[in-house]
Amino acid sequence: MATSKENGGKSSSSQGSAQKSGPPAKRGFAAMDQNQQREIASKGGQAAHQKGTAHEFDSEEARRAGQKGGEAVSRNRAHMADIGRKGGESRQSAQRAAAAAAAAAASSQKGNRQGEES
């Protein structure tokens, strides 16, 4: 049997990292639960605001970001057609519902008038 000096300082029972199975153990921030992570991240954000180094969107930067996102979405023609179709269906159904409500209101008023005359 080989001694630990012959194995480069390792005992003969150690497997080495190449033969470990499964994912590596989580360490540090990743090992914390979500609430702890949020609490620490929140403190970092608050500190950055107090220090004056936090990034804050101005209206122009927000407008550019929204425009960029809109351009990316509008390149997908099938998606845009689907959105338009859904919007048309929604508008059409809303118009039908409004017309039905108006018709129901008109018929109930007509029924009230006939009841008053008798």
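See the structure printed just above.
Just so it is clear, the structure is predicted and the values come from calculations on it, not from any experiment. (Residues numbered from 1 in each chain as written. Predicted model: local features only at pLDDT ≥ 70, side-chain atom pairs only at ≥ 80, totals over all residues. Heavy atoms only, no water.)

1. Focus on the overall build of the chain
Tallying secondary structure elements over the chain gives three helices and zero strands in all. Order of helices (α) and strands (β) in the chain, N terminus to C terminus: α-α-α. In the structure as shown, the chain presents an accessible area of about 10,500 Å², 51% of it carried by carbon and sulfur atoms. (Helix = DSSP H or I, 4+ residues; strand = E, 2+ residues; numbered from the N terminus. Areas by Shrake-Rupley, 256 points an atom, 1.4 Å probe, with all protein chains shown as cover.)

2. A few points about the pattern of salt bridges
Summed over all chains, the structure comprises five salt bridges. Across the pair Glu60 and Arg63 runs a salt bridge whose closest N-O atoms are separated by 2.8 Å. Taken together, the residues span about one helical turn, with Glu60 and Arg63 both in helix H2 (residues 59-74) at a distance of three residues. Judged by relative accessible area, Arg63 falls into the partly exposed class, the value being 45%. With a closest N to O distance of 3.4 Å, Arg85 and Asp82 form a salt bridge. Remark: Asp82 and Arg85 occur in helix H3 (residues 77-117); sequence separation between them is three residues, near one turn of the helix. Assessed through its relative accessible area of 48%, Arg85 is described here as partly exposed. Take Asp82: its relative accessible area is 31%, and that puts it in the partly exposed class. A network of salt bridges, in which partner residues are shared, links Glu60, Arg63 and Arg64. (Salt bridge = Lys/Arg side-chain N within 4 Å of Asp/Glu carboxyl O. Buried < 20%, exposed > 50% of the residue type's maximum accessible area, 1.4 Å probe, protein only.)

3. What to know about helix H1 (residues 34-51)
In this model, H1 (18 residues) spans 26 Å end to end at C-alpha, consistent with the 26 Å of a helix rising 1.5 Å per residue. Of the residues trailing H1, Gly52 is marked for its positive phi of about 90°. (Expected span 1.5 Å × (residues − 1).)

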